[in-house]
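Coordinate analysis (summary)
Listed below, chain by chain, are the residues.
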Amino acid sequence: MSVIAIVGGQWGDEGKGKVIDLLAEKARVVARFSGGDNAGHTVINPYGEFRLHLVPSGIFYPQVTCIISNGVVINPAVLLEEIDDLHNHGVDTSRLFISARAHLIMPYHTILDGLEEDRRNKGALGTTRRGIGPVFADKVARLGIRAGDLLDRDIFWGRLSAALEFKNIILTKVYQVSPLSAEEIYGQYCHYGEQLAPFIRETSSIIREAATKGELVLLEGAQGALLDPDFGTYPYVTSSSTLAGASCIGTCLGPRESDRVVGIFKAYNTRVGAGPMPTELKDEIGDLIREKAREYGATTGRPRRCGWFDAVAGRFSVQINGLSDIALTHLDIYDGFSSIKICTAYKFNDEVLTSFPSDIAILEKCQPIYEELDGWQESISGIRNFDKLPAAARNYMSRLEDLLSCPISLVSIGPDRRQIISVKELFS
Ligand code: IMO
Ligand code: MG
């Protein structure tokens, strides 16, 4: 068995939850390595329909140890609610662990996320307002509070009062809103700490032990490559790295330890929040994709912007993640389309660009250059064998493989766990 990193290839919401829920059947450990409750991983299986924001998507298998690793930021209230919801659906969470190194989202992070978005006004980034930017800023500013701090009340009080002294200056003097009470937050978080204490521990040894024994370890990413702070459409990005490289730092493994890196891509593109998206369709085709695929945010409920597959961005994503495989999701959404377009290059003024620009000022002016392929009329959601897919669907996949220079190993053709076709063996 092996270590497999699973990352979003586009702007998030590619179906990471579904693919991990499937692959976890053979896994010993599933570890989430980045992001926070800005993520919303939808899983539909015999236990029900779930939108997991923090708990790894492997939680539904009794043999899987699930880890919320050091690279993740945790809002304890959201996590406790998620654990409760899983319990109510009969899911055992006794094999869930939280890294003592994971940073905590504090009330001032969510408040500041909202205040900063409001201050940006028309230039708002469209964040999820979950406190993600502010908590990661505090992590690197060395002002953060970590899950392990909840286990020692003196340490927790010292860190909280020091951070809050500074945050209250920002709240009152910059934003002119009321200060927060250290005592109130202390009381609330000590209560969370009591409930979360059984889950908090040093987690890297669990991952390392399973990897050393050769058991299957899945490293679950969040968001997508184009939201990465270094390589995404900056500043319209999230605040922690979304790339496969982060699966090492966000857990405990070294760069030589992943055997495969699977990028999840939808058969089309979506984006939620502001920022450039060259293939966005503001017409009835975009609306059709949105309604057919229920493209509304799992975290915020916002309608997602929909468009044709962008192979320029896709190729870039394959490169910056070093992908070995692609899992293509939502292919069934194209059932009944007479033709399907793929963006193969951008037109920028008089130039044709085949690589993804680093500057959004250029990307915003790029016009997609499309190639048009035949669609198929039949429903593919009941098909379980690659060879039974209509020729036009196989041709679409083959064209994406060529354009992205990466094999498609899995294709998902519906929301259910069983609606997936294995094209190439993922496990060595
Ligand atoms: P999953 O894991 C889609 C987007 C937000 C916003 C930008 C910054 O479900 O794929 P943030 O709150 O992170 O500071 O917002 O990033 N965003 C996502 N979009 N899926 C996600 O996660 C996202 N997480 C953040 O909409 O544009
Ligand atoms: Mg999402």
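All of the points below concern the structure found in this document.

For the protein, the count of helices and strands is 12 helices and 20 strands. Computed over the C-alpha atoms, the radius of gyration of the protein is 22 Å, within 12% of the 22 Å expected from 2.2 N^0.38 for a compact globule of 428 residues. Considering the protein as a whole, with its 428 residues, one finds that 57% of them fall into the buried category. Summarising the internal contacts of the protein: among those between residues at least 6 apart in sequence, 76% fall at separations of at least 24. Across the protein, the mean location of the 45 positive side-chain charges is 1 Å away from that of the 54 negative side-chain charges.

As a further point, take the packing of helix α2 (residues 76-88) against helix α6 (residues 182-196). Two elements in contact, α2 and α6, have axes whose closest approach is 10 Å; the angle formed by their N-to-C orientations is 40°. Judged by the angle between their axes, α2 and α6 are oblique. α2 and α6 meet at a crossing whose hand is left-handed. Facing P76, A77, L79, L80 and I83 of α2, the residues of α6 in contact are Y189, Y192, Q195 and L196. The class makeup of the residues in the contact of α2 with α6 is eight nonpolar, one polar and no charged.

Lining the immediate surroundings of ligand 1 are 21 residues, of which D13, K16, H41, T128 and T238 lie closest. Here an oxygen atom of ligand 1 sits 2.7 Å away from a polar atom, N or O, in the side chain of H41. Within the backbone of V272, a nitrogen or oxygen atom sits 3.1 Å from an oxygen atom of ligand 1. In the complex, 98% of the free accessible area of ligand 1, which totals 550 Å², lies under the protein chains. For the shell around ligand 1, the class distribution of residues is eight nonpolar, 10 polar and three charged.

Attention shifts here to helix α1 (residues 16-23). In terms of residue burial, α1 counts as a mostly covered element, since eight of its eight residues are buried. By the burial criterion, the buried members of α1 are K16, G17, K18, V19, I20, D21, L22 and L23.

By size, the foremost hydrophobic cluster in this structure holds 58 residues, and its most contacted members are L23, I74, L79, I98, M106 and L218. Among the elements that make up this core, the one with the highest residue count is α6 (six residues). Once residues lying within four places of it in the same chain are set aside, the contact partners of L23 are I6, L216, L218, L410, L426 and F427. Counting residues in hydrophobic clusters, the runner-up holds 54 residues, among them V217, A392, V411 and I421.

Attention shifts here to helix α7 (residues 204-212). Restricting attention to buried positions, one finds in α7 the residues S204, I206, I207 and A210. Within α7, the buried residues cover an arc of 165° as seen down the axis, which keeps them to one side. In this structure, the buried side of α7 is in contact with β2 (29-32), β5 (65-68), β7 (96-99), β9 (200-201) and β10 (217-220). A positive phi of about 80° marks G214, the residue just after α7.

To summarise the sheet geometry, strands pair through backbone hydrogen bonds and adopt either a parallel or an antiparallel arrangement. Reading across the sheet, the 10 strands line up as β9-β7-β5-β2-β10-β1-β11-β15-β19-β20 and stay open at both edges, with mixed pairing between neighbours. Of all strands in the sheet, those bounded by a partner on one side alone are β9 and β20 (420-422). Contacts between helix α10 (residues 311-321) and the sheet are confined to β1 (3-8), β11 (260-266) and β15 (325-329), with β11 contributing the most and set at about 160° to the helix.

Counted by the stated rule, this structure contains 24 salt bridges. The closest approach of N and O atoms between E295 and K266, which form a salt bridge, is 2.9 Å. Here E295 is found in the loop between α9 (284-292) and β13 (305-307), whereas its partner K266 is found in strand β11, with 29 residues between them in sequence. Accessibility classification places E295 together with K266 in one group, the buried group. Measuring nitrogen to oxygen at the nearest pair gives 2.9 Å for the salt bridge that ties R418 to D416.

With respect to the helices and strands, F50 occurs in strand β4 (residues 48-52). Residue F50 is classed as buried on the basis of its relative accessible area of 1%. For the pair F50 and L151, spaced 101 residues apart in sequence, the C-alpha separation works out to 30 Å. Leave out the neighbours within four places in its chain, and F50 touches H41, T42, V43, N45, F60, D85, L86, H89 and V91.

A word on unusual backbone geometry. A cis amide bond, omega 5°, links Y234 with the succeeding residue P235. Along the chain, P235 falls in the loop between β10 and α8 (246-249). Phi is positive for R142, which is not a glycine, with a value near 65°. By the secondary structure assignment, R142 is in the loop between α4 (132-140) and α5 (153-174). A residue is classified by how much of its surface remains accessible, and R142, at 77% relative accessible area, is exposed. With phi around 55°, Q223 is a residue other than glycine that occupies positive phi space. Topologically, Q223 is positioned in the loop between β10 and α8. Assessed through its relative accessible area of 8%, Q223 is described here as buried.

Rules behind the numbers
Residues numbered from 1 in each chain as written. Chains lettered and ligands numbered in written order. Predicted model: local features only at pLDDT ≥ 70, side-chain atom pairs only at ≥ 80, totals over all residues. Heavy atoms only, no water. Helix = DSSP H or I, 4+ residues; strand = E, 2+ residues; numbered from the N terminus. Rg over C-alpha atoms; globule rule 2.2 N^0.38 Å. Buried < 20%, exposed > 50% of the residue type's maximum accessible area, 1.4 Å probe, protein only. Contact = heavy atoms within 4.5 Å. Lys, Arg positive; Asp, Glu negative; His and termini not counted. Charge placed at Lys NZ, Arg CZ, Asp CG, Glu CD. Axes fitted to C-alpha atoms, helices over the stretch in contact; angles between N-to-C directions. Parallel < 35°, antiparallel > 145°, perpendicular 65-115°, else oblique. Left-handed = near helix turned anticlockwise from the far one by under 90°. Nonpolar A, V, L, I, M, F, W, Y, C, P; charged D, E, K, R; others polar. Near = heavy atom within 4 Å. Polar contact = N/O pair within 3.5 Å; in protein donor to acceptor, adjacent residues only side chain to side chain. Areas by Shrake-Rupley, 256 points an atom, 1.4 Å probe, with all protein chains shown as cover. Core = buried A, V, L, I, M, F, W, Y, C linked by side-chain atoms within 4.5 Å. Arc of directions from axis to C-beta. Pairing = 2+ DSSP bridges. Salt bridge = Lys/Arg side-chain N within 4 Å of Asp/Glu carboxyl O.

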